[in-house]
Amino acid sequence: MLRDCRWYSVSHLSVKQRIDKKRRAALVGGGQKRIDAQHKRGKLTARERVELLLDPESFVESDMFVEHRCSDFNMEQDRNKFPGDSVVTGRGRINGRLVYVFSQQLGFTCVIFFLSCPFSFSQDFTVFGGSLSGAHAQKICKIMDQAMTVGAPVIGLNDSGGARIQEGVESLAGYADIFLRNVMASGVVPQISLIMGPCAGGAVYSPALTDFTFMVKDTSYLFITGPDVVKSVTNEDVTQEELGGAKTHTSVSGVAHHAFENDVEALLNLREFFNFLPLSNQDPAPIRECHDPSDRLVPSLDTIVPLESTKAYDMLDIIQTIVDERDFFEIMPNYAKNIVVGFARMNGRTVGIVGNQPKVASGCLDINSSVKGARFVRFCDAFNIPIITFVDVPGFLPGTAQEYGGIIRHGAKLLFAFAEATVPKITVITRKAYGGAYDVMSSKHLRGDVNYAWPSAEVAVMGAKGAVQIIFRGKENQAEAEAEYVEKFANPFPAAVRGFVDDIIEPGSTRKRICRDLEVLASKKQVNPWKKHANIPL
């Protein structure tokens with residue numbers, strides 16, 4: 001009996017030593033040399049990113065001991081296995097609020113077969129950086145399932161070279177498993193992707209399916225195929241940065257919503273951004289203590305709109321002076337600049353802001369701005385965030401490029417999004433609201449709850465000059481006819497007398513009125529007719 005007890009003690013000690021050894025190995029990923037190399041590139045490791053993103057000592061890791069199951073190409077050898085594989089997963093808290101997170105890491109070493117790899121992105125990239133294996137996918141899927149079960153957001157810190165070639169179809173199946181969960185979680189819990197390194201091949205589609213995609217300048221890239229493959233197939237010479245860098249995706253393609261200078265800035269801004277979001281579609285918009293009086297008047301707004309209807313002004317000046325403490329988190333600030341979207345707070349309550357930007361293309365709606373606005377409106381509606389819309393729109397942008405590109409279909413997306421939304425919707429017409437664009441921008445006809453007009457508002461089919469040329473074609477004294485048209489239509493009264501705007505308000509009282517309306521609308525309940533799902537004009 002004594003001998004058996006000794007055997008048990010030795011055995012138990014051996015298991016504990018093995019656990020400690022595995023845990024230490026998991027904590028250093030691919031080894032200290034690769035951690036040092038990561039730091040030399042100005043990048044944090046996967047674990048450092050998680051620690052910076054989450055509240056101190058709040059991270060609870062899952063599946064630390066999971067290893068890949070591949071046995072081909074000598075992958076079964078111990079030197080090619082790392083506890084946790086190539087991703088760190090778990091849950092934690094941001095400002096005390098629950099969140100699930102995964103962080104891909106650049107610590108997995110093995111041979112890359114460049115000749116047969118459509119996902120390769122650099123000839124000298126000799127680390128299988130965050131490449132996805134079956135085990136890697138299993139870990140991500142597990143936390144996504146848990147997040148949907150408990151109702152908590154998912155944040156992915158992406159740094160991946162695509163599918164792990166040695167695993168073949170198993171890695172591709174892993175991507176599909178993640179994609180399915182991205183789709184199932186859409187509209188259930190917020191999903192955020194932060195791209196912190198190269199993401200190639202299948203790795204790019206999970207971020208594309210999430211609600212928001214942020215990037216880090218100069219170190220993060222998104223592309224289906226890398227520069228070498230592009231060169232071999234199309235004979236185009238293009239750099240990683242030109243093909244899929246942060247500037248490309250935040251200003252040209254519209255794939256990413258924001259870009260930050262470095263890892264630290266990105267993670268700290270992500271913490272701030274997280275504060276605007278509810279944890280799930282079952283939660284109301286977050287409310288925090290507000291020290292900015294809800295009845296604060298803003299006299300500067302009384303003169304912000306120029307007397308000349310063709311003169312531009314900055315819609316951001318209006319937004320920032322109305323919201324709490326000038327705190328406005330703009331989404332996609334460098335893409336489709338003729339529309340402004342982002343998050344702010346009114347009397348402590350999170351709101352989504354949409355506004356035409358007269359400084360760019362006179363605030364006209366075009367293909368890109370319509371899609372940008374529609375996606376943002378649909379996110380707000382999915383997660384119970386009230387929408388405030390500032391309107392100064394002369395119409396849809398004319399031209400063959402827009403018509404051939406499908407402005408009719410794409411413009412309908414924004415119309416669809418506003419009409420479908422059942423959250424509180426408050427609209428303020430600051431100046432022009434012309435033609436079909438007036439209808440689209442959260443008009444009373446699309447179930448706007450409260451619609452205001454400033455005295456400078458012009459609600460009409462088109463501008464006075466164009467209208468006069470049509471109505472009084474061939475007649476003399478066009479100037480007199482134009483003045484008559486302005487008197488009758490280029491003002492807020494035609495809409496007000498028909499009840500299409502609820503009130504004509506002094507600009508300086510806008511904040512006070514909106515805060516009061518949001519308080520009333522907090523109990524709003526509106527449902528759409530039952531359907532399996534709508535058929536938005538994609």
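For the structure given in this document, a descriptive report is provided here. Everything numeric in this text was worked out from a predicted model, so none of it was measured.

### Quick notes on the packing of aromatic side chains
Move 1: A full pass over the atoms with the stated rule returns 16 aromatic pairs.
Move 2: Between the aromatic rings of Phe 212 and Phe 343, the centroid separation amounts to 5.9 Å while the plane-to-plane angle is 70°, which identifies the pairing as edge-to-face. Taken together, the positions of Phe 212 in strand β6 (residues 212-216) and Phe 343 in strand β10 (residues 339-346) put the pair 131 residues apart, joining distant regions of the chain. Each member of the pair, Phe 212 together with Phe 343, is buried.
Move 3: A connected cluster of aromatic rings, assembled from ring pairs, spans Phe 212, Phe 214, Phe 260, Phe 273, Phe 276, Phe 329, Phe 343, Phe 376, Phe 379 and Phe 383.
Move 4: Above the ring of Phe 276, the side-chain terminus of Arg 345 is found at 4.1 Å from the ring centroid.

### Some thoughts on the nonpolar core
Move 1: The biggest cluster of nonpolar side chains holds 62 residues, and the ones touching the most others in it are Ile 155, Leu 157, Phe 273 and Phe 343.
Move 2: Among the nonpolar cores identified, the runner-up in size contains 29 residues, and Ile 318, Ala 344, Val 351 and Ile 514 belong to it.

### As for helix α19 (residues 510-521)
An α-helical turn contains 3.6 residues, so a residue and the one three or four places further along point in the same direction.
Move 1: The end-to-end C-alpha separation of α19 is 16 Å, in line with the 16 Å expected for 12 residues at 1.5 Å each.
Move 2: Along α19, the residues classified as buried are Thr 510, Arg 511, Arg 513, Ile 514, Cys 515, Asp 517, Leu 518 and Leu 521.

### Examining the side chain of Glu 458
Move 1: Mapping Glu 458 onto the fold places it in strand β15 (residues 458-460).
Move 2: Buried and unpaired, Glu 458 has no salt bridge, with Arg 431 as the nearest side chain of opposite charge at 6.1 Å.
Move 3: Those residues in contact with Glu 458, other than ones at most four positions away along the chain, are Ser 309, Arg 431, Lys 432, Ala 433, Tyr 434, Ala 490 and Asn 491.

### Considerations on unusual backbone geometry
Move 1: Unusually for a residue other than glycine, Arg 326 sits at a positive phi of about 60°.
Move 2: With respect to the helices, strands and loops of the structure, Arg 326 is situated in the loop between α11 (315-322) and β9 (329-331).
Move 3: One non-glycine residue with positive phi stands out, namely Ser 362, at about 60°.
Move 4: In this fold, Ser 362 is placed in the loop between β11 (349-356) and α12 (367-382).
Move 5: Overall, the relative accessible area of 45% leaves Ser 362 in the partly exposed class.

### What about helix α14 (residues 407-420)?
Move 1: Between its first and last C-alpha, α14 extends 20 Å over 14 residues, near the 20 Å set by a 1.5 Å rise per residue.
Move 2: Looking at the packing, one finds that the buried side of α14 touches β11, α12, β12 (387-393), α13 (400-405), β13 (425-434) and α15 (435-440).

### Notes on the pattern of salt bridges
Move 1: Counted under the stated rule, the structure contains 17 salt bridges.
Move 2: Linking Asp 327 and Arg 345 is a salt bridge whose minimum nitrogen-to-oxygen distance equals 3.4 Å. Taken together, the residues span a long stretch of sequence, with Asp 327 in the loop between α11 and β9 and Arg 345 in strand β10 at a distance of 18 residues.
Move 3: Via salt bridges that share partners, Asp 292, Arg 296, Asp 324 and Arg 511 belong to a single interconnected network.

### A look at the pairing of β10
Move 1: Burial runs high along β10: 8 of the 8 residues are buried.
Move 2: Of the two faces of β10, both are covered, the one formed by Ile 339, Val 341, Phe 343 and Arg 345 as well as the one formed by Val 340, Gly 342, Ala 344 and Met 346.
Move 3: As paired strands, β9 and β10 are joined by 3 bridges and run antiparallel to one another. Note that in β10 the partner of Glu 330 across the bridge is Gly 342.
Move 4: Pairing between β10 and β11: 8 bridges, direction antiparallel. Paired with Arg 345 across the bridge in β11 is Thr 350.
Move 5: The antiparallel hairpin formed by β10 and β11 contains 2 residues in its connecting segment, where Asn 347 sits at a positive phi of about 55°.

Cut-off values and rules
- Residues numbered from 1 in each chain as written.
- Predicted model: local features only at pLDDT ≥ 70, side-chain atom pairs only at ≥ 80, totals over all residues.
- Heavy atoms only, no water.
- Phe/Tyr/Trp six-rings, centres within 6.5 Å; stacked < 30°, edge-to-face > 60°.
- Helix = DSSP H or I, 4+ residues; strand = E, 2+ residues; numbered from the N terminus.
- Buried < 20%, exposed > 50% of the residue type's maximum accessible area, 1.4 Å probe, protein only.
- Lys NZ or Arg CZ within 6 Å of the ring centre and 35° of its normal.
- Core = buried A, V, L, I, M, F, W, Y, C linked by side-chain atoms within 4.5 Å.
- Expected span 1.5 Å × (residues − 1).
- Lys, Arg positive; Asp, Glu negative; His and termini not counted.
- Salt bridge = Lys/Arg side-chain N within 4 Å of Asp/Glu carboxyl O.
- Contact = heavy atoms within 4.5 Å.
- Pairing = 2+ DSSP bridges.

Geometric values such as these leave the question of function open.
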